[in-house]
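Chain by chain, the residues run as shown.
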Amino acid sequence: MTQAEQTPAAIAEEADAGRLEWIDPLTDFLPDVPSESRVIVDPFNHRKKREDGEADTTEPDPGLIASVDAVGVQQAPVLRPQMGEHEGKLGIVMGQRRMKAARAAAERAVTEGRKYRKVRVIIREDLTGVDDEALAGSMVENVHRAAASVQDDLDAAQQLSIMVNAKRVPKARKAQLAAAIGRTAEELDAAPRVAKIAPKVIEGLWEAGAEFDWVEQADYDEVQDVPNALLKLEEAKQKDDAEATGKRGAWRQAMQALKAEKEKAERIAATTAELTKKMIPVIGWPIWQYSTARPLEELESAIGRPLTEAGHNETCEGHAATFDPADGEVVWVCREFKKHGHRILGAAQNEDNGTEETEEVDEKAEAEREAAREKARRVKANNAAWRSVREVRQEFITDMCQDKGEAPADVKDLVMTTILAGRYTYTHYVTGDYGRLLSAFLKDESLKDTPADAVAKLVKRTGVKRYWWLLFAHIAGMYEFEHMTDEAWRGKKDEFGRRKPIEGATVEWLNFLKKHGYSLSEVEEETLATAQRQAEEKAKQDAERKAQRERWEREREEARLKREAEETAVREEEGRESADEPDAEPDGREDGGEAEEDDSE
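Everything numeric here is computed off the predicted structure, so don't read it as measured data.

This part is about the overall build of the protein chain. Helix and strand content of the protein chain: 20 helices and 10 strands. Taken over 601 residues, the protein chain has a buried fraction of 36%. Partitioning the intrachain contacts of the protein chain with sequence separation of at least 6 by distance along the chain shows that 69% fall at a separation of at least 24. When the accessible surface of the protein chain is summed, it comes to about 37,500 Å², and 51% of that surface belongs to carbon and sulfur atoms.

Positionally, T398 belongs in helix α13 (residues 356–401). Take T398: its relative accessible area is 12%, and that puts it in the buried class. Setting aside its immediate chain neighbours within four residues, T398 contacts A440, F441 and K443.

Across two bridges, the pairing between strand β6 (residues 294–295) and strand β9 (residues 330–334) is antiparallel. Looking at β9, one finds that P295 is bridged to V333. The pairing of strand β8 (residues 319–323) with β9 spans five bridges and is classified as antiparallel. Across the sheet, the residue bridging to A320 is V333, located in β9. As consecutive antiparallel partners, β8 and β9 are separated by six residues, and within that stretch G328 has a phi angle of approximately 75°, a positive value.

Taken in spatial order, the three strands make up an open sheet running β6-β9-β8, and their pairing is antiparallel. The sheet is open, and its two edges are formed by β6 and β8, each paired on a single side. Packed on one face of the sheet, helix α11 (residues 249–277) meets β8 and β9 and runs near 170° to β8.

Our focus in this paragraph is the sheet that holds strand β5 (residues 119–123). One open sheet holds the five strands; their spatial order is β1-β5-β3-β4-β2, and the pairing between them is mixed. Because the sheet does not close on itself, it has two edges, and the strands there are β1 (19–23) and β2 (39–41). Averaged over all adjacent pairs, the angle separating strand axes in this sheet is 45°, with direction ignored. Pairing geometry for β2 and strand β4 (residues 90–94), over three bridges, is parallel. Note that in β4 the partner of V41 across the bridge is I92. Together, β1, β2, β4 and β5 form the strand contacts of helix α3 (residues 96–111), whose direction differs from that of β4 by roughly 115°.

So, on to the nonpolar core. Membership of the largest hydrophobic core comes to 40 residues, with the highest contact counts inside it found for I397, L442, F472, W509, F512 and L513. Mapped onto this core, the elements with two or more residues apiece are α13, α14 (409–421), α15 (424–430), α16 (435–442), α17 (452–461), α18 (467–483), α19 (504–515) and α20 (522–580). Tallying contributions element by element places α18 first for this core, with eight residues. Apart from the residues within four sequence positions on either side, I397 is in contact with F441, F472, A476, E480, W509 and L513. Within the second largest apolar cluster, 25 residues are counted, among which are L205, F212, Y220 and L258.

Here M279, not a glycine, exhibits a phi torsion of approximately 65°, which is positive. Here M279 is to be found in the loop between α11 and β6. Overall, M279 belongs to the exposed group, its relative accessible area being 71%. Phi angles above zero are rare outside glycine, and K443 is one such case at about 55°. According to the relative accessible area criterion, K443 is exposed, its value standing at 59%.

Turning to the pattern of salt bridges, a few remarks are in order. Enumeration according to the criterion identifies 50 salt bridges in this entry. Measuring nitrogen to oxygen at the nearest pair gives 2.9 Å for the salt bridge that ties K538 to D542. Separated by four residues within a single helix, K538 and D542 lie in helix α20, roughly one turn from each other. Take K538: its relative accessible area is 49%, and that puts it in the partly exposed class. In this structure, E557 and R560 form a salt bridge, with 2.3 Å as the shortest nitrogen-oxygen distance. In this pair, E557 and R560 both sit in helix α20, three residues apart, roughly one turn of the helix. Judged by its relative accessible area of 34%, E557 falls in the partly exposed class. The exposure class of R560 is partly exposed, given its relative accessible area of 29%.

Next up on the list: the packing of α16 against α18. The contact between α16 and α18 brings their axes to 9 Å, and the two run at 130°. Considering their axes alone, α16 and α18 lie oblique with respect to each other. In the crossing of α16 with α18, the sense of the turn from one axis to the other is right-handed. In contact with R436, L437, L438, F441 and L442 of α16, α18 contributes W469, L470, A473, H474, A476, G477, E480 and F481. Taken together, the residues of the contact of α16 with α18 break down into nine nonpolar, two polar and two charged.

Basis of the calculations
Position numbers for residues count from 1 along each chain, tracking the sequence in the order it is written. Selection of residues for local features in this predicted model requires a pLDDT of at least 70, selection of side-chain atom pairs for listing and counting requires 80 or more, and totals for whole chains, interfaces and linings are taken over all residues. Values reported for side chains reflect all heavy atoms of the structure, with hydrogen atoms and water molecules removed beforehand. Numbered from the N terminus, helices here are DSSP runs of H or I no shorter than four residues, and strands are runs of E no shorter than two. With a 1.4 Å probe rolled over the protein chains alone, any residue whose accessible area is under 20% of its type maximum counts as buried; one over 50% counts as exposed, and the rest are partly exposed. Residues count as neighbours in contact if any of their non-hydrogen atoms are within 4.5 Å of one another. Each accessible area is a Shrake-Rupley result for a 1.4 Å probe, and residues are judged covered by the shown protein chains and nothing else. Strand pairing is assigned whenever DSSP detects at least two bridges linking the two strands. Here an angle of 0 to 180 degrees is reported between the N-to-C directions of two axes, which are lines fitted to C-alpha atoms, with helices fitted over the stretch in contact. Joining through side-chain atoms within 4.5 Å is the link that ties buried Ala, Val, Leu, Ile, Met, Phe, Trp, Tyr and Cys residues into a set, and such a set is a nonpolar core. The rule for a salt bridge is simple: a side-chain nitrogen of Lys or Arg has to be within 4 Å of a carboxyl oxygen of Asp or Glu. Roughly parallel means an angle under 35 degrees; roughly antiparallel, over 145; roughly perpendicular, 65 to 115; everything else is oblique. Definitions for this section: a left-handed crossing has its near helix turned counterclockwise from the far helix by less than a right angle. A right-handed crossing has that turn clockwise. Residue polarity follows a fixed list, in which Ala, Val, Leu, Ile, Met, Phe, Trp, Tyr, Cys and Pro are nonpolar, Asp, Glu, Lys and Arg are charged, and the others, Gly among them, are polar.

Here it is in structure tokens:
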């Protein structure tokens, strides 16, 4: 007796597998015209399109359509022959959404001039007329289909990413494979990072309602400990969605700012640990006008000498440190400067410290010092932000320079105008170390020192259509080096140390990049707003000066005319007086005089 005969087990029955058939999703399946369609949705299909405002679960989502477009329908839909009024047709029992996705993918392919795939289906003759079993089968597919876990998806995507990168799959095929799992090529690259995220982090995003893709999830995980990180990133995502450029510009700006905040927090933590080892107290950033603490740079000793960090640490029990929130740098303070006999620099040293006059002077002086502190904090914060955003801006420029198509007209205009105008900043740039930015924007390390042979090779391997982008990279380097310096956000200083207005070239460059899809950071927006105010103030001053000149010229003209009129009147008066005088006698005698006798013989 065989082992099978000895085991009283239930006999395994063969299930009806049906027969396979290929369906054309365009000619056989016409969901909007069921009467003319060979394939219809079975009346007993579990999924129904409802009209009561509920979500339509019969329509495929974009991810499913992209997947079908990339690799076809992998799980065969189940159909059964129809009876009654639909005699001769096939009804979809399972796979309605897959069939609709196949039709949508086929329509897209035809529009783009590509071939499309037919759908392999299973025809279940045994379900003909068996409505209860057809409905049960449809419900089983939908109700008991367990969604893959987040980690399952991530693990699979990570493996696919590793295989794609290892085989150096072409970009087009990589995008196709990514679409097959409902993702983008960028998300596919981010999968290894996302796979390392703790499940509770993604669960937290879901609970917060944050609809982040894999790239965004990976980025968020990097800065999740920064205060308000989720809020700032959600706002950035909303801005990107509104701009609809697909470049994640606002997201990159927000991430750069959050990374800077994280680095600052880590630097503060490390410095705090060092200070703690040295037994130096660390206090929170004070509200100075209400605090007994003061920065050492604002204090002097009782005999009028400046206080230094080293000297104060050795001699004063009030020595402590705090961190400037603008840049995270250490600020040395005395916690109770009055108690320890220190004085504020430049303050009036009055023995009668209780008078109203002295209190008013102290309040005014303290208000001025607080205004100076606030100005210094703003400068520090903007300096840090301006330097930080440079990385994002130059990444955007690098992406522009990789464009394979024809450069737009304004790019060509910018190149030609800059070169032919012979600006001093351009000639200054090309006589210096301009290869550093050129090599960065063109992603070619051989151009760092701009050797002639490397430039020649670059030109030779570059198609004529892309020549303008090479020149644009060159001009972009000039703008970044000459007009986007650390002080550009508030205007450079002249040779006498006076702050000049923000340069027009800085404004021109930011507006140019913005026009091409660059998402400005907060400090860049502020720079443009300040430049606009400065331009308006200058226009107002110019108008006032012009009006003043015109007024002076009008007054001078009126004075001239008045003077000429007065002179004319005087001349006319003199003329009238001359006309009124009698004519003189012929012999020249005065009126009433007698002629001398002529005694001549």
